[in-house]
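Summary of the model geometry
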Amino acid sequence: MKVAPQDLHQNDLPLAATSSTFIGMPKFPTMARAGLDNTVQRRNLQHATHTIRAKRAAVVHEVSDWEALRLDGAATKDQALDHLADYLVQLEDNLTAAGATVHWARNADEACRIAVDLVQATGASEVVKVKSMATQEIELNEALEAAGVSAWETDLAELIVQLGHDRPSHILVPAIHRNRSEVREIFLDEMSRVGRAAPEGLTDEPADLAEAARAHLREKFLRAKVAISGTNFAIADTGTLVVLESEGNGRMCLTLPETLISVVGIEKVLPTWDDLGTFMQLLPRSSTGERMNPYTSTWTGVTPGDGPQDVHVILLDNGRTHVLADDLGRQALRCIRCSACLNVCPVYERAGGHAYGSVYPGPIGAVLTPQLRGTSTPIDKSLPFASSLCGACFEVCPVRIDIPKLLVALRTQVVDEKRGGLPTGEAAAMKAASWVFGDHKRLVAAQQGVTASARLLKGRPTIGRLPWPASAWSDARDSPAPPRETFRQWWSRTHIDDSGASSAEGSPS
Amino acid sequence: MSSARDEILQRIRTAHTAAGAPEPIRRSAPATERDRAEVLDVFVRMTEDYRAVVERCTQEELPGHIARTVETAKAARIGIPPDLDERWTAEIAGTVVVDDGLSTAELDTIDAVVTGATVGIADTGTIVLDHSGNQGRRALSLVPDMHVCVVLESQVVADVPTAVRGLRPSVDAHRALTWISGPSATSDIELSRVEGVHGPRTLHVILVAGA
Ligand code: SF4
């Protein structure tokens, strides 16, 4: 089935629901304005993105043929997506043979229901969690809370976000919008409410803050009966799940509890164990800019006498099959959530992660969210426009997702849906422009009008705000003021004698 | 089985499935054979680069090295897996505690743990434990604050893909793996690196020659 780009996402497969957290959210430019006004966040983000960017570049250059690795990574993910049903069945068989129980969830509600039931069956009233985008996407913490189960985030940044009643703003460093003194305040105010209090005299030194988090979480790790994780990769031919992390909180969660529940998006599948050799080179270097992250854990069902003996895996669709149906959009499912595209994006750097209105911020969020949720809400409609199309995201993406191309296709979709047959202001302007450009006499006349208007601007370098309807353009942009003389006017003034005729008239178009 | 399963598989088949069987991925050419001494040097350099302490010694020197390491760290209670070579710990002055199924609370009273490893990866300075034999179960090398890890030179491979291929038998036996590259660390607060959060705050690697 070949689908033309303008038909992107016009398939019948179910979308993910936009949750109540995001459904009433205004469009991206409105949200971005809040981000732009937040100077602490902008400073932190600029520092963070530029630092990780430089680290990434250094370790990528160490690899003799990075491009070949990227091609391997993209081809491996494509292979998994091309035969996804077969690989999922193989994964399920191998997990089951290794003593795990596999569950399938069509959507967020179903996944939450399965997870909550599993937790309640153990009798536990709390769970420890390893940072996981999939569980954020389905809003599992909220579902657990509604069922009377406390969910403790254990990644330091996630802990900061959770204690601060906040939302993550970056895939890798979710609390990057907070500075150290804010973190200190949050720890002092909030830790005692949910467990071991922050020590008195806590300073805002990162080492001190990390020590406070260690002490706070340790009692939770040592008594936890149930852990909930996501996964970075799920290996079909061995039934192995893989989690990469830095702090050791993942190892704690994956090792000490009796029951382990992992929520796995169906696109996380890799066909074979050997594929990990490629991705364990691509992911750490692209993500934290390290040759290798401090800790990676892999587990294959149940290992007798070692770690959780009650192991569950929830395979989650939630809009992914809808994305899979699109020949172009499908490549967004290759994403390994490294966040390299966020760190190079000039729009993300200024607007911040919250403006993207989903758990997936930055360039990948701008292409993935409208595909998973469709483009019916203001925020989802505006996401494909949250880019300057500079192409930096594609350059760094370890699995070669052509984000700019996807953005353009999604813009086409949004515009087509919006006008429903009637031309928009933009379309009318483009049509008028093509009429003007289509004949050089019209162009000369138009240009004369423009240079005359330039004289009215009295030497100002840019045009600021214009009246409606042009305000739709000028509100977000400064346009350079037109020159006092066009090239054609300059040419005919200075070259009139060369050919004996006005060159402006005779120049080739 | 469940209807969600059938429905998701059906959705996938409706959405997109390529014709034919999957083609094996043709990966970029394997690295050329590298000089052993250089591979070992790279392993030491890269492991140190991620702030682990690395020492090299011979098999005869190993017991003395282990004893001095835990003594310097003022570790009084030393945890070991049941299957650790007893010569390794022969010179330790402190209390040696064998993990015969210690509770989490008991593990929390241990100051340092001594284990072997399965594989060392030179290019990334990584050690991998498959938690069989002399490596002990996962909790043993996680809860105590110091991990002394003995790696044999013969266990060190040059790159990540070679290590992954070599680990396949462990995975087929349903063993869990832990990949360790330096001590635990976080950069979550203003991106400034702090070593030692939840895992062992000290990683001490001893690379044993001629073994
Ligand atoms: S789209 Fe590419 S660069 Fe961005 S997070 Fe996903 S894998 Fe990384």
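Residues numbered from 1 in each chain as written. Chains lettered and ligands numbered in written order. Predicted model: local features only at pLDDT ≥ 70, side-chain atom pairs only at ≥ 80, totals over all residues. Heavy atoms only, no water.

Some points on helix α9 (residues 156–163) of chain A
Think of an α-helix as turning once every 3.6 residues; residues three or four places apart then point the same way. Note the threshold: Think of it in three bands: with a 1.4 Å probe and only protein chains considered, a residue is buried below 20% of the maximum accessible area for its type, exposed above 50%, and partly exposed in between. Secondary structure elements are taken from DSSP: a helix is a run of H or I of four residues or more, a strand is a run of E of two residues or more, and numbering for both begins at the N terminus. Any two residues having at least one pair of non-hydrogen atoms within 4.5 Å are treated as being in contact.
Counting buried positions along α9(A) yields seven of eight residues, so the element is predominantly enclosed. Of all the residues in α9(A), the buried ones are Leu156(A), Ala157(A), Glu158(A), Leu159(A), Ile160(A), Val161(A) and Leu163(A). The elements touched by buried residues of α9(A) are α7 (133–137), β3 (150–153), α10 (180–194) and α11 (206–223) of chain A together with β10 (185–186) of chain B. Positive phi shows up at His165(A), right after α9(A), with a value of about 50°.

A short note on the nonpolar core
Rules: Here the nonpolar core consists of buried residues drawn from Ala, Val, Leu, Ile, Met, Phe, Trp, Tyr and Cys, with membership extended through side-chain atoms lying within 4.5 Å.
Ranked by size, the top nonpolar core spans 148 residues in total, and within it Phe28(A), Phe187(A), Phe233(A) and Trp179(B) carry the most contacts. Dropping the residues within four chain positions of it, Phe233(A) is found in contact with Thr240(A), Leu241(A), Val242(A), Leu244(A), Lys268(A), Leu270(A), Leu276(A), Phe279(A), Leu283(A) and Ile336(A). Among the nonpolar cores identified, the runner-up in size contains 23 residues, and Ala105(A), Ala111(A), Cys112(A) and Ala134(A) belong to it.

Thoughts on the sheet that holds strand β2 (residues 126–129) of chain A
For sheets, the rule is that strands pair by backbone hydrogen bonds, running either parallel or antiparallel. Test applied: DSSP-based pairing: two strands are paired if at least 2 bridges between them are found. In this analysis an axis means a line fitted to C-alpha atoms, helices contributing only their contacting stretch, and an angle means the value between N-to-C directions, from 0 to 180 degrees.
Spatially, the six strands line up as an open sheet ordered β1-β10-β7-β4-β2-β3 (chain A), and their pairing is parallel. With partners counted over all chains shown, the strands left at the sheet margins are β1 (101–105) and β3 of chain A, one partner each. Within this sheet the neighbouring strands show an average axis-to-axis angle of 25°, counted without direction. The sheet contact formed by β1(A) and strand β10 (residues 310–316) of chain A spans five bridges and is parallel. Residue pairing in the sheet places Ala105(A) in a bridge with Leu316(A) of β10(A). Sheet contacts for helix α1 (residues 3–15) of chain B: β1 and β10 of chain A; angle to β1(A), the most-contacted strand, approximately 60°.

Examining the sheet that holds strand β1 (residues 53–57) of chain B
All names here are of chain B. Strands sit in the order β1-β12-β7-β4-β2-β3 across an open sheet of six strands; the sheet is parallel. Because the sheet does not close on itself, it has two edges, and the strands there are β1 and β3 (95–98). Neighbouring strand axes in the sheet, compared pairwise and without regard to direction, differ in orientation by 25° on average. Both strand β7 (residues 146–152) and strand β12 (residues 202–208) contribute to a ladder of seven bridges, which runs parallel. Note that in β12 the partner of Val150 across the bridge is Ile206. This element, helix α2 (residues 36–49), spans β1, β7 and β12 of the sheet and lies at about 150° to β1. Together, β1, β2 (77–80), β4 (112–115), β7 and β12 form the strand contacts of helix α3 (residues 62–72), whose direction differs from that of β12 by roughly 170°.

A short note on the interface of chain A and chain B
The test is simple: Throughout, the accessible surface (probe 1.4 Å) given up by two parts as they are put together, summed over both, is called the buried area. Whenever Lys or Arg places a side-chain nitrogen within 4 Å of a carboxyl oxygen from Asp or Glu, that contact is recorded as a salt bridge. Each residue gets one label: Ala, Val, Leu, Ile, Met, Phe, Trp, Tyr, Cys and Pro are nonpolar, Asp, Glu, Lys and Arg are charged, and the others, such as Gly, are polar.
Every contact between the two is made by 97 residues of chain A and, on the other side, 75 residues of chain B. Interface area for chain A against chain B, summed over the two sides, is near 7200 Å², with a carbon-plus-sulfur share of 58%. Looking at the side of chain A facing chain B, the largest losses of area belong to Arg106(A), Arg214(A) and Arg291(A), adding up to 10% of the total buried there. Taken together, the connections running from chain A to chain B amount to 10 salt bridges. No other element matches α11(A), which puts 11 residues into the side of chain A that touches chain B. Taken together, the residues of the side of chain A that touches chain B sort by class into 48 nonpolar, 26 polar and 23 charged. With four bridges joining them, strand β9 (residues 295–299) of chain A and strand β9 (residues 177–180) of chain B adopt antiparallel strand pairing.

As for the side chain of His312(A)
Residues and elements named next belong to chain A. Rule in force here: Any pair of N or O atoms that falls within 3.5 Å is considered a polar contact. Within protein, one atom must be able to donate a hydrogen and the other to accept it, and sequence-neighbouring residues count only if both atoms are side-chain atoms.
For His312, the location among the structural elements is in strand β10. A polar contact of 2.9 Å, which involves the side chain of His312, links it to the side chain of His103. For His312, the residues in contact, after removing those within four places along its chain, are Thr101, His103, Leu118, Thr259, Leu260, Ile261 and Ser262.

Regarding the environment of Ser262(A)
With respect to the helices and strands, the residue Ser262(A) is situated in strand β7 (residues 259–265). Those residues in contact with Ser262(A), other than ones at most four positions away along the chain, are Ser229(A), Gly230(A), Leu241(A), Trp299(A), His312(A), Val313(A) and Ile314(A).

Overview of the packing of helix α4 (residues 66–82) of chain A against helix α13 (residues 276–287) of chain A
All names here are of chain A. Rule in force here: Each angle gets one of four labels, with under 35 degrees taken as roughly parallel, over 145 as roughly antiparallel, 65 to 115 as roughly perpendicular, and the rest as oblique. Take the far helix as your reference; a near helix turned counterclockwise from it by less than a right angle gives a left-handed crossing, and one turned clockwise gives a right-handed crossing.
Look at α4 against α13: their axes get within 10 Å of each other, and the N-to-C directions meet at 115°. What the angle tells us is that α4 and α13 run roughly perpendicular. The two elements α4 and α13 cross, and the hand of that crossing is left-handed. Residues Trp66, Leu69, Arg70, Asp72, Gly73, Thr76 and Lys77 of α4 form the contact with α13, whose participating residues are Thr278, Phe279, Gln281, Leu282, Arg285 and Ser286. Residue composition of the contact of α4 with α13, grouped by class: four nonpolar, five polar and four charged.

Quick word on a positive patch on the surface
Test applied: Nonpolar side chains (Val, Leu, Ile, Met, Phe, Trp, Tyr) are joined into patches within 5 Å and like charges within 9 Å, using only residues with over 30% relative accessible area and no salt bridge. Residue burial considers only the protein chains on display, and all accessible areas are found by Shrake-Rupley using a 1.4 Å probe. In this tally, Lys and Arg are treated as positive and Asp and Glu as negative; His is ignored, and so are the chain termini. Where a charge sits is defined by one atom per residue type, namely NZ (Lys), CZ (Arg), CG (Asp) or CD (Glu).
Taken together, Lys27(A), Arg33(A), Lys381(A) and Lys418(A) make up a surface patch of like positive charges. Within the element layout of this structure, Lys27(A) appears in the loop between α1 (20–23) and α2 (28–37).

What about the confidence of the model for chain A?
Residue and element names in this part refer to chain A. Our working rule: For every residue, the predictor states its confidence as a pLDDT score lying anywhere from 0 to 100.
The predicted model of chain A has a mean per-residue pLDDT of 87, with 87% of residues at 70 or higher. Here residues 1–7 is modelled with pLDDT under 50, and outside its nearest four sequence neighbours on either side it reaches 10 contacts, counting other chains as well. For residues 502–509, every residue scores under 50 in pLDDT, and the model assigns this stretch 10 contacts once sequence neighbours within four places are set aside.

Quick word on the UniProt feature "domain: LUD" (unreviewed entry) in chain B
The condition that has to hold: UniProt positions are given in the numbering used here, feature names are shortened, and annotations may be inferred rather than shown by experiment.
Per the UniProt annotation, the sites labelled "domain: LUD" (unreviewed entry) are residues 104–208 of chain B. Within the segment residues 104–208 of chain B, helix and strand shares are 16% and 33% respectively, and the terminal C-alpha atoms sit 31 Å apart.

Considerations on the pattern of salt bridges
Applying the stated rule across the entire model yields 40 salt bridges over all chains. Between Arg400(A) and Glu67(A) there is a salt bridge whose closest N-O contact spans 2.4 Å. Here Arg400(A) is found in the loop between α19 (392–396) and α20 (403–419), whereas its partner Glu67(A) is found in helix α4, with 333 residues between them in sequence. When its relative accessible area of 25% is taken as the criterion, Arg400(A) is described as partly exposed. What makes Glu67(A) partly exposed here is its relative accessible area of 33%. The salt bridge partner of Arg330(A) is Asp327(A), with a shortest N-O separation of 2.7 Å. With a relative accessible area of 26%, Asp327(A) lands in the partly exposed category. A single network of salt bridges, built from pairs that share partners, joins Arg106(A), Glu110(A), Asp317(A), Glu7(B) and Arg11(B).

Examining the packing of aromatic side chains
All names here are of chain A. Stated precisely, the cut-off is as follows: Paired rings are identified among Phe, Tyr and Trp, the last through its six-membered ring, by centres lying within 6.5 Å, and are further divided according to the angle between planes into stacked (under 30 degrees), edge-to-face (over 60) and tilted (the rest). By the criterion adopted, a ring carries a charge over it if an Arg CZ or a Lys NZ lies within 6 Å of its centre and within 35 degrees of its normal.
For the structure on display, the rule yields six aromatic pairs over all chains. When the ring of Tyr348 is compared with that of Tyr356, the centres are 6.3 Å apart and the planes differ by 35°; the resulting orientation is tilted. In this structure Tyr348 comes out as buried when scored by relative accessible area, which is 0%. Residue Tyr356 is classed as buried on the basis of its relative accessible area, which comes to 0%. Through pairs of rings, three or more aromatic residues link up here, namely Phe28, Tyr348 and Tyr356. One cation-aromatic arrangement involves Lys220 over Trp152; the distance from NZ or CZ to the ring centre is 4.1 Å. Over the ring of Tyr295 we find Arg251, and its NZ or CZ is 4.5 Å from the ring centre.

Comments concerning the packing of helix α3 (residues 39–62) of chain A against α13(A)
The description of two packed helices rests on the angle between their axes and on the distance between the axes. All names here are of chain A. In the contact formed by α3 and α13, the axes pass within 7 Å of each other and the chain directions differ by 150°. With respect to each other, α3 and α13 are oriented roughly antiparallel. Each of Ile52, Arg56, Val59, Val60 and Glu62 in α3 lies in contact with α13, whose residues at this interface are Arg285, Ser286 and Ser287. Grouping the amino acids of the contact of α3 with α13 by side-chain chemistry returns three nonpolar, two polar and three charged.

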